[in-house]
Structures are given as C-alpha cells and as structure tokens.
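Summary of the model geometry
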Amino acid sequence: SIYIDDFNDRIPKYITEESDWYRYIKKLFEMTSETYTMKLFENSDLDKQKNILSDVNSRINEDIMDIWNNIMQGFIEKKEIESSKIEIEYEKEKGFRIIVNDRSTNKNRIFDISDRSKGFQWFLNFVIKLKYNHKYINDKEGALFLLDEPGSYLHSSGQKELLKKLKELSLNNTIIYTTHLESLVDISIINPKNIEIVKRRAEKIALENFSFSKDVRENGSYTPILNALKISTFPIDFYNQRIILTEGITEYYFLKLLIEKVNLLEKDIKIIPGYGVEQLSNLISLAIGLSNKYTVLFDNDEAGKAAYRKYKEKFIGEERKWIIYNIEDIESLEDFFSDKMKEMISKYGTNGNLKNGIINFYYEFDEKDAKQFQKECKNDDKIKELIRKINEKLN
C-alpha cells in the first residue's frame, strides 16, 4: 500500500537509514543507475559521492518536470518548478537532506523543503512516493493508494488535475481518499457510485454509498458532493440561461442523457439537481433571480403534488413555468421508460436497481446500448411529450 497523507508524513530535515523515507532515497539511487547502491555510495570517497549525487539530482529533477508536464500542470506554475531545483546533500553524521536551490532571482538561494509553499511540499511528497516507492515501482498494478485529504493546499484547478490522475491510477489500482473538497468529487470526472459517505454507527465506523444513502442530506458529509452536483461555477454560468431544476440526482442524469447522448434537448440548457422535492425552495428562489427561462420538474406522486402546492403558495405566479408529470400513466421518472429501456438500464444498476442504473449508464454505457437507448427515446411518445413541455416552458 502507498499512504500519502495531508502532511503528518512530511519529508524530514535529515533522512537516516532508520527513517521510512530512506527507502525512497535508496530507490531513487537505484533508478538513476543500476550500479548506484547505498553501499557503493557510503564507501566512496567525497568526489565520487558528489558525482553520484549530481546524477541523482538530475534524475529527480527530470522526473519532477516529467510529472508536471504530463499530470500536474494545474497544480503549480511552471516557473516555480523550473526555478526550484531539488538537490540531495549528504553528511555522514546526519544522513541525506533534500533542499531547494531557488534560482528565480538569477542567484542561487538554498531553502529547506519546509520553507516552500505547502502546495509545492505536497507536490514533491506525491512525486517521490509515486516515483520511488519500492513496492509500486516493481509492479504498477494492484497497488492500494491511501490519501488523507489530498490536494488541500492546491487551488481548485490543481485539485481537478489531481482527481484526473487518481482516476487514471484507479484503472489498475485501488484508490481510497478522504476529502471535504468539492473539486475532488467532480462528477464530470468520477461516477457518484464510487463515492462513499463515512458514517458513525454506535461505536462503529461504516461506509454508505452516496447513491443509496437514506440519511438527511443536510448532513455536512454531503455538502461537497451536493455543491459539486450544482456545478462549481454556479451561479455565474447560469445567469439569463435556460434552467431545469430536478427533484434529485436521477432526473439530473436522465436529462443529461437526453442532452448529450440523444440530442433531444439543446446543449445550452443548464440542469441543477435538488436533493429531494422538499428541499427545492432555495433553488427555486435562485432560479427566479437568475433567469426568466427556467422550469421545475415535479413527480406526479403524492410527495410531488404536495410540494407543488406548497411552492405554488410561496412563489405566487411562478407555477406557470413548472411541469408536473401529468402525462398519461406517469408518476415518476421511471414511468417514462419502455420495458426495453428498463431492461437495458437495469443491467448497469447495483442488483438491477433502475435509479442507480441511470447514473452508471451515463458513465459506463457501451456503444450498442447507447444506440438502442437513442432509438427508444426518440420513438417514445411519453418522452417526446415531456420534451415538448420542457421546450414550451423554457422558450
């Protein structure tokens, strides 16, 4: 396993043979040259040691720039990387020391790693543990990455770049990380089915899948996820736009499929998911302030009709812009699906769950199913009637 925490495991000032960081230095030497063993280095004279360290320093700086170019350009500015050369020093009595030679002012200035920005420290910590981990480097599949609050000291674009890298690593490895950051639960990058909420049950700690959680969604654990679902640039990108408010996440993904995969709705329409029909009041208030071209979709079940009546009294006159599923035999979203669509989408759900299947289908569909889904949607009279109502309200 590869554990990368927030900063409890900082690079120490001096790295001795007893330190956990010694194995990373050892692997860096070996990767620089097959002949560069720690025994060879320690038994060499001063000049030979300087030559070996020069090669090792070149290697680590090449690796840092390689990772910056290919993975982490959003983390920190290139000039900070180019001007901050990593150097490894050695004192027989104290061990190895990793320092930064700052050349930003055309003068060499030596700094301890702890003197650099926290973003740079985290970046270097990540590079070393990724590149020179003696377990991972020999077998790049099947590793377990444990990250505690990764990216806390990176700006939002850097956090998204980190998330993309974690998703890439997860193709052949297991990635587990904790976070309170919205950028690290970005649903444009990861499937919500992979998000687990940590719960305390009596004396035990349990994980509960976000898609199936029955807990109250005002719980602080849900805040970054719900905010991410409402889009990071909200409300700026929603001003004077056409907006659809949905009761929940399932409807959000269904409409996204109609926009992106079926082309039945125009691509500039913005969708904002609620987290339960009882919790739409604030979103409706925002939508009224943002745009005159918005609508709200209500289920035609008891909860949906009750909420519709409540919001109608609160937002007098706005109900003319809303849609309640009063189409034949329609109570909720699932009723729009033909039997073929239900069968297809259920394959993607956990234990055949249709709502969960819609979310997974959005991220994981194969081309054959996508074409069949398009065909079914375009030939479904109930879906066509829903599209007609949405366009009528938004236009």
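Above: the structure in question.
For the structure given in this document, a descriptive report is provided here. (Residues numbered from 1 in each chain as written. Predicted model: local features only at pLDDT ≥ 70, side-chain atom pairs only at ≥ 80, totals over all residues. Heavy atoms only, no water.)

1. Section: the overall build of the protein
Scanning the protein from terminus to terminus reveals 14 helices and twelve strands. By residue count, 49% of the 395 residues in the protein fall in the buried class. In the protein, the proportion of contacts linking residues at least 24 apart, taken out of those at least 6 apart, comes to 65%. Looking at the protein as shown, the accessible area adds up to about 20,300 Å², and 45% of this sits on carbon and sulfur atoms. (Helix = DSSP H or I, 4+ residues; strand = E, 2+ residues; numbered from the N terminus. Buried < 20%, exposed > 50% of the residue type's maximum accessible area, 1.4 Å probe, protein only. Contact = heavy atoms within 4.5 Å. Areas by Shrake-Rupley, 256 points an atom, 1.4 Å probe, with all protein chains shown as cover.)

2. Observations concerning unusual backbone geometry
With a phi close to 60°, N240 is a non-glycine residue in the positive phi region. Checked against the element boundaries, N240 lands in the loop between helix 7 (223-229) and strand 9 (243-246). Backbone geometry at N263 places phi at a positive 60°, although glycine is not the residue there. Relative to the helices and strands, N263 resides in the loop between helix 8 (249-260) and strand 10 (270-273).

3. A short note on the sheet that holds strand 10
In a beta sheet, neighbouring strands pair by backbone hydrogen bonds and run either parallel or antiparallel. Taken in spatial order, the four strands make up an open sheet running 10-9-11-12, and their pairing is parallel. The outermost strands of the open sheet, each flanked by one partner alone, are strand 10 and strand 12 (323-324). Direction of pairing for strand 11 (residues 294-298) relative to strand 12: parallel, over a ladder of two bridges. When the sheet's bridge partners are listed, L297 is paired in strand 12 with I323. Sheet strands in contact with helix 8 are strand 9, strand 10 and strand 11, and its direction is about 165° off that of strand 10. (Pairing = 2+ DSSP bridges. Axes fitted to C-alpha atoms, helices over the stretch in contact; angles between N-to-C directions.)

4. Notes on helix 10 (residues 302-314)
Taking 1.5 Å of rise per residue, 13 residues should cover 18 Å, and helix 10 covers 19 Å from first to last C-alpha, within 8% of that figure. All of the buried residues along helix 10 are G304, A307, Y308 and Y311. Down the axis of helix 10, the smallest arc covering the buried residues is 105°, so these residues share one side. Residues E302 and E313 are exposed on helix 10 and point more than 90 degrees away from its buried face. In this fold, the buried residues of helix 10 make contact with helix 9 (281-290), strand 11 and strand 12. (Expected span 1.5 Å × (residues − 1). Arc of directions from axis to C-beta.)

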